Amino acid sequence: MLLSIRDLSKSFPGTRALDGVDFDLRAGEVHALLGENGAGKSTLIKCLTGAYRRDAGEIRLDGEKISPSSTSEAQELGIGTVYQEVNLLPNLTVAQNLTFGREPRRFGMVDGKAQRELAREMLDGYGLDIDVGRDLGAYSVAVRQIVAIARAVALSGKVLILDEPTASLDAAEVRMLFDVIRDLRDRGLGIIFVSHFLDQVFALCDRLTVLRNGRKITTETTADLDRVKLIEHMLGHELDRASEEAATTDSVADDRPELLRFEGIGRAGVVEPFDLTIRKGEVIGLAGLLGSGRTETAELMFGVRTPQTGKTRDADGPVSHATPREAIAAGFGFAPEDRKTHGIIADLSVRENIILAMQAHRGWTRPIPRAEQDAIAEDYIAKLDIRTSDADKPVGDLSGGNQQKVVLARWLAMNPRYLILDEPTRGIDVGAHAEILRLIQEITEEGMSILVISSELDELIAVVDRVIVLRDRKHMRELTGEEVATDAIVRAIASSDHAPDAARDHAR
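Residues numbered from 1 in each chain as written. Predicted model: local features only at pLDDT ≥ 70, side-chain atom pairs only at ≥ 80, totals over all residues. Heavy atoms only, no water.

**As for the overall build of the chain**
A tally of helices and strands in the chain yields 19 helices and 22 strands. Considered along the principal axes of its C-alpha atoms, the chain spans approximately 75 × 60 × 45 Å. When contacts within the chain are restricted to residue pairs at least 6 apart in sequence, long-range pairs at least 24 apart make up 66% of them. Per element, the accessible surface of the chain, about 22200 Å² overall, is 47% carbon and sulfur. (Helix = DSSP H or I, 4+ residues; strand = E, 2+ residues; numbered from the N terminus. Contact = heavy atoms within 4.5 Å. Areas by Shrake-Rupley, 256 points an atom, 1.4 Å probe, with all protein chains shown as cover.)

The structure is reproduced here in structure tokens:
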């Protein structure tokens, strides 16, 4: 065995990130490391590469115990890593990046000619015919990935860790990268492939290991594992096999008036073009594994990412939402998943956070009077049961659940017609969790339309009217009526069908 990890454990304050994890990597194999957010993938990699010091466990490389204390020491032992965001310098040439730290010298100076020759030798066999004297930034992301791989292999040469290497690549670039990975595998390298794209895992990897909540769930030969079982392992949900062959029901007619129609909205490398009709007072769920395109769909709708294709319209005509400012003006709201980074402004008060979207919608030249601010804040503190001593307390001092309620209050105060909630109950206590689900039901009864993104399938089906299932940045399927069930969502995520069906047909 090239690499053997036994009983690896790592804890942080309040969190056990890895709990007795075993992992093996053979020479000449591509081994996928899979799991949702918080599964422990990144922690395992950082323990392996010396970025974290493990609490317990043993790592062996070629049978010898190792304990790298830094990434450079891990490289010297033979373990190299290439991340999604290539950690090379785009303002230096390809040759300079490939030879950085070990430049050939002559008379104490860098020998440019020898440096370029060495770079060309390092790229030999990677299928790249490029000018190594040009800046790395002049080339595509795929070329930069391959250059980073070539450097990592030259520095390490035993174990190569690829962390989401295809996240920013198009289909042709993925094929080019896969050719390189397969060639490295055939040369005898052991490759750990971290990815959320299951189609790519099944196309490329020899074996896979699933982590969930810091524990190893299974290691399987990829060819022997069906997709449904893999999704069960990742989500921790056992599919009811008795209902697996249940008949598909027809979509239930919905006589609620149409609010918005998204047609062909998409952006290359983000989400493939999709159609979606939103009706007044309905809750639509987005389901899929991490990396499937759920959050990216929300960001395209709210202008965080500008759509490259498609159009949006309502009963009055075209609707522009190319920027968050335009989206707010169009009556859209967006409570993001990462409330601490993209939701709350921790140093501002509860009151200031609550009135923020309303003020932006009204315009900064028309400030909301302080008395009105106080009234709005006190109203939503009472309605949402926000636990705070007063409205002027810094929102950063509140608990996570109360911070989430403040973010919701911000958008409710603006009274949007269409509200996007990305993981609205993540990281909050059980009481706040139930209150937020209750709130979703209440505000839709008043006519607001809501899009909910959640990894908790049981939570999703409890509040939604229909579910759009995504995989590998594509809207794959729409589930309605009796189809809105946990088992049906799991099967849809696991499906090998590549063509969007009802999700596109419904909007027409």
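Still to come is the rest of the account.
**A word on the nonpolar core**
Within the largest apolar cluster, 128 residues are counted, with the highest numbers of intra-cluster contacts made by Val-147, Leu-160, Phe-262, Ile-354 and Tyr-418. Ranked by residue count, the leading element in this core is helix H5 (residues 141-155), at nine residues. Excluding residues that lie within four positions of it along the chain, Ile-354 makes contacts with Ile-376, Ala-377, Ile-381, Ile-386, Val-406, Ala-409, Arg-410 and Ala-413. (Core = buried A, V, L, I, M, F, W, Y, C linked by side-chain atoms within 4.5 Å. Buried < 20%, exposed > 50% of the residue type's maximum accessible area, 1.4 Å probe, protein only.)

**Topic: the environment of Asp-22**
Note on placement: Asp-22 falls in strand E2 (residues 15-25). In this structure, the C-alpha to C-alpha distance between Asp-22 and Asp-7, residues 15 residues apart in sequence, is 5.5 Å. Leave out the neighbours within four places in its chain, and Asp-22 touches Ile-5, Arg-6, Asp-7 and Lys-216. Here Asp-7 takes part through its backbone nitrogen, which lies 2.7 Å from a polar atom of the side chain of Asp-22. (Polar contact = N/O pair within 3.5 Å; in protein donor to acceptor, adjacent residues only side chain to side chain.)

**Let's talk about the domain arrangement of the chain**
How big an interface is tends to be stated in terms of accessible area lost as the parts join. We note that the domain assignment places domain 1 (3-91 + 135-225), domain 2 (237-331 + 417-495) and domain 3 (340-415) within the chain. Its C-alpha centre places domain 1 at a distance of 42 Å from the equivalent point of domain 3. (Domains from an automatic or database assignment.)

**Let's talk about the packing of helix H8 (residues 227-235) against helix H18 (residues 486-494)**
Two elements in contact, H8 and H18, have axes separated by 8 Å at closest approach and are oriented at 120 degrees. Classified by the interaxial angle, the pair formed by H8 and H18 is oblique. When you trace H8 past H18, the crossing you get is right-handed. Contacts from Arg-227, Val-228, Ile-231 and Leu-235 of H8 reach H18 at Val-490, Ile-493 and Ala-494. Of the residues belonging to the contact of H8 with H18, the class tally is six nonpolar, no polar and one charged. (Axes fitted to C-alpha atoms, helices over the stretch in contact; angles between N-to-C directions. Parallel < 35°, antiparallel > 145°, perpendicular 65-115°, else oblique. Left-handed = near helix turned anticlockwise from the far one by under 90°. Nonpolar A, V, L, I, M, F, W, Y, C, P; charged D, E, K, R; others polar.)

**Quick look at the side chain of Thr-49**
As for its position among the elements, Thr-49 is in the loop between helix H1 (41-48) and strand E4 (56-61). For Thr-49, a relative accessible area of 2% corresponds to the buried category. Not counting residues within four places of it along the chain, the set of residues in contact with Thr-49 comprises Pro-68, Ser-70, Thr-71, Ala-74, Ile-79, Thr-81 and Ile-161.

**Looking at the sheet that holds strand E18 (residues 332-335)**
To summarise the sheet geometry, strands pair through backbone hydrogen bonds and adopt either a parallel or an antiparallel arrangement. The strand order E18-E19-E20-E15-E21-E22 describes an open sheet built from six strands, whose pairing is mixed. Among the strands making up the open sheet, the edge pair consists of E18 and strand E22 (474-480). Between one strand axis and the next, the sheet turns by 20 degrees as a mean value, whatever way the strands run. Judged from the four bridges that link them, strand E15 (residues 283-287) and strand E20 (residues 449-453) form a sheet pairing that is parallel. If you follow Ile-284 over to E20, its bridge partner there is Leu-451. This element, helix H15 (residues 400-414), spans E18 and strand E19 (418-422) of the sheet and lies at about 175 degrees to E18. (Pairing = 2+ DSSP bridges.)

**Focus on the packing of aromatic side chains**
Inspection of the entire model under this criterion finds seven aromatic pairs. Aromatic pair Phe-302 and Phe-334: ring centres 5.4 Å apart, planes at 55 degrees, arrangement tilted. Of this pair, Phe-302 sits in helix H9 (residues 294-302) while Phe-334 sits in strand E18, and the two are 32 residues apart along the sequence. The class of Phe-334 is buried, set by a relative accessible area of 7%. Consider the rings of Phe-302 and Trp-411, whose centres lie 5.8 Å apart with planes at 90 degrees: the pair is edge-to-face. Of this pair, Phe-302 sits in helix H9 while Trp-411 is found in helix H15, placing the two residues 109 residues apart along the sequence. One exposure class covers both Phe-302 and Trp-411, and it is buried. Taken together, the ring pairs in this structure connect Phe-262, Phe-332 and Tyr-418 into an aromatic cluster. Here the basic side chain of Arg-134 rests over the ring of Tyr-139, its NZ or CZ set 5.1 Å away from the ring centre. (Phe/Tyr/Trp six-rings, centres within 6.5 Å; stacked < 30°, edge-to-face > 60°. Lys NZ or Arg CZ within 6 Å of the ring centre and 35° of its normal.)

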